[in-house]
Every structure is written in C-alpha cells, then in structure tokens.
Amino acid sequence: MNFQANPRSITFSPNGKLFAITDDKTIKIWKAPGFTREFSPFVLVRTLLGHHDTITSLNWSPDSRYILSSSKDMTVHINLVDRNEDESFSILTGHRDYVVNAWFSSDMKSIYSISRDGALFQWANSTYADLHGDSDTEMVDEEGNTIVRADKVRWRIQKKNYFNLPSTKVTEAQFFAPNNLVVVGFNNGMFGIYEVPSFTTIHTLSISQRKIDAVAINSTGEWLAFGSSALGQLLVWEWQSETYVLKQQGHYYDINYLAYSTDGQSIATAGDDSKVKVWNTVSGFCYVTFSDHTASVRAVEFAKQGQVIFSASLDGTVRAFDLVRYRNFRTFTSPTPVQFTSLAVDPSGEIVCAGTLDTFEIYVWSVQTGKLLDILAGHTGPVCALAFSPSGMVLASGSWDHSVRTWDVFGRTKHVEPFVHQTEVLAVAFRPDGKELGATTLDGQITFWDIGEGHIVHTIEGRKDIMGGRKIDDRTSADNAASGKCFNSLCYTADGSSVIASGVSKYICIYDVETSFLVKKFEISRNLALDGTQEILNSKKMTEFGSIDDMDSEGSDKEERYDRSLPGTRVGDLSARKSRREVKSNAVRFSPTGRSWAAATTEGLTIYSLDEDILFDPFDLEMDITPDAVLEALSEKEYLTSLCMAFRLNEKPLIHTVFEKIPPDSVSLVCQGMPEKYLFKLLNFIGVHMETSPHIEFHLIWVKSLLSTHGRYLKLHRGEFQPVFRSLYKGIHHIRDDIANL
C-alpha cells in the first residue's frame with residue numbers, strides 16, 4: 001500500500017475496524033482489512049484537514065467515534081470519524097508551544113494535552129458556569145445595556161500544570177488511560193511518570209545524555225520502553241519495582257569491522273564511536289562493551305578459542321580484552337605515534353600484527369610479553385588489510401600502493417613476495433587451505449592468486465554486480481552509476497568454494513570461485529532515508545538549490561540545527577547528521593558453522609541465517625505466566641505448555657514438579673513440540689536431575705526422545721551444547737557404574 005507521502009503517525013482504532021494515518025498536515029482514515037481475501041481490502045473512509053503545520057500525534061477515543069490530532073500549530077483538533085453524525089469538530093487552543101501529544105481519558109470526560117514547553121493542560125466538556133462555579137450569565141456593556149452571555153457546552157481548559165524544568169523541552173509523551181499515568185521524556189535524557197488529574201510526580205530518572213525520542217507503555221502499564229536515536233539506546237523499565245528489564249545500546253555511528261568467534265555464538269564489532277561490542281548471535285543482545293579506545297576502532301579479531309579479543313584503533317593502540325574477566329589486559333603501542341587501520345592475529349594467538357595509515361609499516365608484537373618484535377616495511381601506501389594464513393606461517397598485507405605482499409613472519413629469511421594489481425587494494429582473505437589468496441581492488445575486481453606459483457588463478461569483475469542505487473546528488477541514472485562501486489570486504493566460505501563480498505553499495509554478493517559466477521545477491525536495505533537505495537529519483541523534488549529531501553524541513557526545530565561544538569575540536573558530535581547517510585556495508589564475515597553470515601551495514605549489524613530459529617526473541621515473560629497458571633495447565637494435561645511456562649519462570653521446584661508429572665507415554669509427543677530455545681535448559685535439567693533421581697528409565701526415555709527429534713539441531717550447535725553433553729555423559733556413566741555394582 002502506497003500512501004504517496006512519508007507517514008508520520010499511524011494508529012488503529014480500539015474496535016479494530018479502522019486505522020488513521022497522517023503524512024504532514026492531512027489525516028486519512030482507512031478501513032482495516034479483515035481475514036477474508038478481497039481484491040481491494042483498503043478503503044479510504046475519510047480525509048481530515050484543518051491543521052496549518054505538521055501533525056505530531058494521533059489518538060482515538062475509547063469508543064472509536066473521535067480522533068485527537070495534535071500539531072506544531074499549537075492546537076489540538078477533535079475530529080469526528082463518522083461524517084453522518086450531526087456534530088462539528090472542535091479546536092483546542094491555549095498552548096504557547098507546539099503540542100507533543102493529546103489523549104482522551106478512559107471515561108471520555110477529560111482530555112489531556114502536553115506541549116513542548118512543559119505545559120500539561122486538562123480539558124473538560126462543560127459550560128463556563130459549571131466549570132468555574134459562576135452562574136451569572138449576564139453582563140453590561142459600555143452603554144449600560146444588559147447582555148445575556150451565551151454559555152454553551154464546549155471543551156474548555158479546566159486545569160493547567162507545568163513541569164517547571166528550566167532549559168528543558170518535552171520531546172515525547174504517552175498516556176496510560178486505565179491508571180491515568182502520563183510518561184514524559186525530555187531533551188536532557190530524563191523521563192518522568194506523573195499521575196493525573198492531581199499531577200502527582202511518581203518517579204523521575206535520567207537514563208541518557210541525549211534526548212528521548214520514543215516512549216511506549218505495555219498493555220498492563222507496568223513496563224515502560226524508552227528509545228534515544230542519538231546514542232542508539234533502548235531501555236525497558238519496570239517502574240513499580242524501579243528495575244531495568246532490558247538495557248541495550250548499539251554503535252551510534254558506523255560499524256567498521258566485525259569478527260565471529262570460533263564457535264559462531266558471538267560477534268565482535270568495532271565502531272566509529274571508539275567502542276568494541278560483543279553480541280550474542282542467537283538473542284541479538286550486546287552483552288559486553290569495551291570503551292578503552294579514544295578514537296575510531298578500525299579492526300577487531302578473536303583469538304584463544306574466542307576468549308580474547310584484539311582491536312586496532314586510530315588512537316595508536318592495539319588492545320587485548322579478556323572475555324572471562326571483561327577487562328583490557330594488554331595494550332600494544334608503537335615507538336612513534338601512528339594510526340592503526342588493520343589487524344591480524346596468528347591462529348595460535350601468540351603474535352598480533354597491525355598495519356598503519358601514515359607510516360605504511362606493519363608492527364608485530366608478542367602477546368605474552370607485549371614487546372614489539374619487528375617492524376615490516378616495504379609498502380608505499382597505507383596498509384588497509386592484513387590476514388594470516390590458516391597455518392600461521394604467512395602474513396598477507398594489502399595496501400593502497402596497488403600491491404599485496406606476503407611476509408614470512410617467523411622465518412629467518414624474511415622473504416617478501418609482492419602481488420601487483422592495477423589499482424588500490426582494499427581487502428585480502430586466505431582460502432581455508434592456505435593455498436589461495438583473494439584480494440579486492442578499487443576498480444571493483446576480485447583477484448585470486450596461487451600462493452605457491454605466484455600467478456593469477458581467477459578474476460571476478462564485480463562492479464556491474466554491485467551497481468545500483470542512485471544518490472540524491474547523482475547526475476547519472478542508477479544503471480550508469482558504476483563508478484566508485486567496489487568491494488571493501490572479502491571472506492571465504494568454510495569449504496573455500498565460494499566467497500562473499502561487500503562494499504559501497506546496497507548489495508552483498510556471493511560468488512563461486514571456480515566458475516566466477518554470481519551465486520546470490522542480497523539487498524541489505526530498502527530504507528528510503530538512506531542515500532543510494534532508490535533506483536529512480538523523483539524529478540519533482542529537484543530544485544535549482546538541490547533536492548528537497550536534502551534540505552531542512554519546514555517545521556524542523558532550530559535547536560537541532562545549532563552547531564554547539566567547541567572551536568578547534570577535530571572530532572565533533574558523530575551523532576549529528578549533517579547529511580544523508582549512504583547505504584553501504586563495511587565488513588562481511590561467514591560464521592564458522594557455515595549456516596549464517598553477518599554484515600556491518602549502515603543500519604547496524606545484520607545477520608543472515610539458514611536456521612529459522614535465529615530470531616530476535618528477547619523475553620517470553622508475560623504477565624499471565626504465574627505458578628498457579630503452570631499448575632492449572634498441568635492439571636488439564638497440557639504438558640508441553642506447562643513445561644515451557646515453568647522454564648520461563650525458571651523456578652527449580654516448579655520445573656521438577658512438572659517434569660515428574662509428565663507420563664512416559666507423552667514424553668515423545670512433548671519432545672516433538674518442544675521449542676529449540678528450551679532444549680539447553682531441558683537437557684541441563686535432565687543431566688543434573690539424573691544423578692539424584694531413582695527414575696532411571698524415565699530419564700533415558702527423555703534423552704533418547706530429545707536426541708532423536710532434535711539431533712540435527714544439536715549437531716549444528718554442538719559448541720553451544722557441549723557443557724550439557726558432558727553433564728549427560730557424566731550422569732549416564734554414573735548410572736551404569738551403579739548398575740554394574742549390583
């Protein structure tokens with residue numbers, strides 16, 4: 001469905017029959033499609049006009065008869081949905097700044113509106129006499145004539161409340177009607193919870209250094225979600241117990257590099273915000289952040305079976321982080337200040353190498369002692385890529401001097417083999433057997449070299465494959481915009497038969513090395529807010545001063561356009577968007593399992609997988625999952641549901657009760673329907689419970705059924721389930737020894 005404009009707000013009516021959407025100053029009410037298949041399910045019911053500036057919010061009345069719209073023209077409109085009803089719409093005026101949001105109370109007797117300057121108004125639909133207790137409706141004019149004042153029933157201001165926070169603006173607000181709670185987010189990163197109509201402050205907390213852009217309340221009003229786009233923060237807060245349910249923050253600018261751990265369960269990312277983050281590939285959560293660097297981090301690598309992370313930064317340091325104690329235990333520096341742009345760690349994890357941007361040298365350190373072992377010189381341009389061969393005996397380096405060099409780091413001869421290209425080299429990668437080397441260049445080519453013979457084996461012309469997408473300021477069409485398209489990241493598959501490459505484009509390509517054929521092309525984004533995603537530009541938006549999309553909107557805030565950076569600062573506010581960001585992928589890597597791959601794109605870290613179970617499913621906790629509900633499901637013989645609910649609550653006595661009550665005949669059926677995300681908890685519980693329980697055959701039935709039903713999944717994720725397998729092995733051998741002693 002195309003709305004022919006940029007939708008700013010969309011909301012369903014409480015009865016689910018309609019939904020309203022606003023683009024700029026117009027509200028369109030559509031009929032919501034049903035469950036029956038129709039030729040044209042979307043029907044436009046009504047178009048509402050009247051606002052003179054951008055509409056900021058839409059909210060329905062509880063009976064779905066009215067819709068409230070607030071705008072930057074400092075008014076609130078009460079619109080009637082059904083045009084056949086004999087009522088006129090009302091306009092509420094009185095705010096001195098644009099209105100952020102407005103809502104009906106649950107009984108529809110009051111309306112609450114909040115403006116950016118921190119004013120919260122309560123409106124009532126009554127006469128002036130009833131509202132102020134003034135029954136005198138007569139007044140005398142200048143000539144002494146008595147005039148009867150027409151006191152009609154209409155919406156009037158009943159009460160004015162102010163937050164009284166100096167130099168603070170309201171950026172977002174939401175209302176929970178059942179409890180009359182207003183949740184307000186401010187531009188200084190603070191939020192507050194207030195009870196209306198008494199305007200009692202329940203709770204205030206500062207959660208960010210930047211403004212809060214989004215606020216949401218769950219259906220029961222117990223969890224509050226806050227989002228800050230400037231820092232990429234997401235926070236879920238349980239306000240009654242004052243505890244964090246979820247707290248996440250991504251890189252708030254480009255991700256420069258990524259690396260998989262050896263088991264494929266974690267991904268490390270390096271960002272322009274000088275941070276190194278480690279993510280769980282299954283849950284999608286960042287579970288540790290290292291902020292020791294003081295400048296952009298350009299490369300990151302895992303070592304020591306995924307227990308150590310190395311990172312190289314433009315601040316002139318290479319740091320080693322311990323993932324057991326979560327600390328920076330080693331820092332490698334150079335004799336003279338340099339900027340590191342590339343990194344490589346040998347397979348044993350004993351040697352770390354880093355390439356520089358300014359001196360064109362490669363520094364080699366010992367991880368054990370932290371001493372500088374060697375400086376490899378020879379390149380005449382910045383060293384932008386490094387890679388160790390799988391054997392660890394050969395180091396390959398790619399440079400802007402049009403060459404790839406292989407170095408014998410551990411040998412006495414220090415033999416150097418150069419491979420010359422036509423243009424600048426951007427990325428290098430070894431085939432898993434170490435006999436072939438791939439390199440990408442600025443002209444969009446991927447060149448494959450035989451390491452032993454020193455000649456070119458295959459060449460892939462990739463510029464045509466990643467061509468596509470037109471920028472706003474491009475003077476050529478997307479079909480002719482191949483200039484500047486190139487691959488800046490390259491990675492082999494586990495068997496070495498294919499490579500995946502990404503670059504300054506909205507496409508990521510997978511090639512077959514032997515035939516040089518394009519196997520698959522992925523489009524990483526269709527976000528129209530990014531530059532380079534559209535194939536055809538709208539000529540109506542082009543003016544003599546440039547594209548309209550590239551200009552400040554009519555109603556944009558002046559505060560957001562101010563440049564508050566101090567004079568002389570070399571690195572300003574990286575989160576301040578001075579121009580449209582270009583769609584691209586800075587790094588791409590295959591998982592060691594071969595079932596997924598990840599890309600560091602403009603929109604963040606993206607994971608593509610063949611396994612459908614890798615979904616973002618952070619919490620399955622619901623308000624209706626209680627111990628009583630678990631026991632009730634168990635009494636109704638819903639064994640699978642009760643066991644899953646018990647695992648969600650994670651109470652061992654409750655899990656033990658449900659587990660023991662499941663009949664042996666139903667074990668096979670329960671195992672077939674068991675979600676894969678609960679396999680670890682179930683197998684771990686069986687392994688621990690097996691050592692103390694007398695029900696030997698019962699546990700063996702469980703183990704056999706689970707391995708038979710989920711064998712393929714357990715094999716693919718054997719690294720994750722290794723502790724569970726050891727526990728089961730120990731428990732079964734303990735039972736065997738006990739039986740043998742009888």
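Every value quoted in this text rests on a predicted model; they were computed, and no experiment measured them. Along each chain, the written sequence defines residue order, and numbers are assigned to residues from 1. Local features are withheld for residues below a pLDDT of 70 in this predicted model, meaning they are given only at 70 or higher, and side-chain atom pairs are given and counted only at 80 or more; totals for whole chains, interfaces and linings count all residues. Computation of side-chain values: all heavy atoms of the structure, hydrogens and water removed.

A. The arrangement of the sheet that holds strand β24 (residues 266–271) in detail. Here the rule is simple: two strands pair whenever DSSP picks up at least two bridges between them. By definition, any uninterrupted DSSP run of H or I lasting at least four residues is a helix, any uninterrupted run of E lasting at least two residues is a strand, and each is numbered from the N terminus. Strand order across the open sheet formed by four strands is β23-β24-β25-β26, with antiparallel pairing between neighbours. Two strands close off the open sheet at either side, each with one partner strand: β23 (255–260) and β26 (286–290). Pairs of neighbouring strands in the sheet enclose a mean axial angle of 20°, with direction left out of account. In this structure, strand β25 (residues 276–280) lies alongside β26, joined through four bridges in antiparallel fashion. By the bridge assignment for β26, V276 is matched with F290. Between N-to-C directions, angles cover 0 to 180 degrees, with each direction set by a line fitted to C-alpha atoms, over the stretch in contact for helices.

B. Seen up close, unusual backbone geometry. The amide bond that connects V196 to the next residue, P197, takes the cis arrangement and shows omega of 5°. As for its placement among the helices and strands, P197 is situated in the loop between β17 (190–195) and β18 (200–206). The backbone of N180 sits at a positive phi, close to 55°, despite the residue not being glycine. Within the secondary structure, N180 sits in the loop between β15 (170–176) and β16 (181–186).

C. Structural context of the environment of L49. Within the secondary structure, L49 is located in the loop between β4 (43–48) and β5 (55–60). Here's how the labels work: a residue is buried when its accessible area is under 20% of the maximum for its type, exposed when over 50%, partly exposed in between, all with a 1.4 Å probe on protein chains only. The class of L49 is exposed, set by a relative accessible area of 60%.

D. Focus on the packing of helix α3 (residues 639–649) against helix α4 (residues 652–661). Two elements in contact, α3 and α4, have axes separated by 9 Å at closest approach and are oriented at 160°. As far as their axial angle goes, α4 and α3 are roughly antiparallel. In terms of crossing hand, the pair formed by α3 and α4 is left-handed. Contacts from Y639, S642, L643, A646, F647 and L649 of α3 reach α4 at L654, I655, V658 and K661. Residue classes follow a fixed rule: Ala, Val, Leu, Ile, Met, Phe, Trp, Tyr, Cys and Pro count as nonpolar, while Asp, Glu, Lys and Arg count as charged, and any other residue, Gly among them, counts as polar. Of the residues that constitute the contact of α3 with α4, the class distribution is eight nonpolar, one polar and one charged. Here the word oblique covers every angle except those under 35 degrees (roughly parallel), over 145 (roughly antiparallel) and from 65 to 115 (roughly perpendicular). Each crossing is labelled by how the near helix is turned from the far one, with a counterclockwise turn of less than a right angle marking it left-handed and a clockwise turn marking it right-handed. Any two residues whose heavy atoms approach within 4.5 Å at even a single point are treated as in contact.

E. Up close: the confidence of the model for the chain. Scored from 0 to 100, pLDDT reflects the predictor's confidence in each residue. Averaged over the chain, the pLDDT score is 85; the fraction of residues at 70 or greater is 88%. Residue range residues 614–621 is modelled with pLDDT below 50. Its contacts to residues more than four positions away, or to other chains, number 17 contacts.

F. Up close: the pattern of salt bridges. Salt bridge, as applied in this entry: a Lys or Arg side-chain nitrogen positioned within 4 Å of an Asp or Glu carboxyl oxygen. Evaluation of the coordinates by the stated rule reveals 13 salt bridges. Here D254 and K584 are joined by a salt bridge, their closest N and O atoms 3.7 Å apart. Placement of the pair is D254 in the loop between β22 (243–249) and β23 and K584 in the loop between β48 (546–547) and β49 (585–590), with a sequence separation of 330 residues. Between R431 and E436 there is a salt bridge, with its nearest N and O atoms 3.4 Å apart. Residue class for R431 comes out partly exposed when judged on its relative accessible area of 21%.

G. Structural detail: the sheet that holds strand β21 (residues 233–238). Read across the sheet, four strands follow the order β19-β20-β21-β22 without closing on themselves; strand pairing throughout is antiparallel. Strand pairing shows two members of the sheet lacking a second neighbour, β19 (214–217) and β22, which therefore form its edges. Taken pair by pair, the neighbouring strands of this sheet meet at an average axis angle of 10°, ignoring direction. Note that β19 and strand β20 (residues 223–228) share four bridges and pair antiparallel. By the bridge assignment for β20, A216 is matched with A225.

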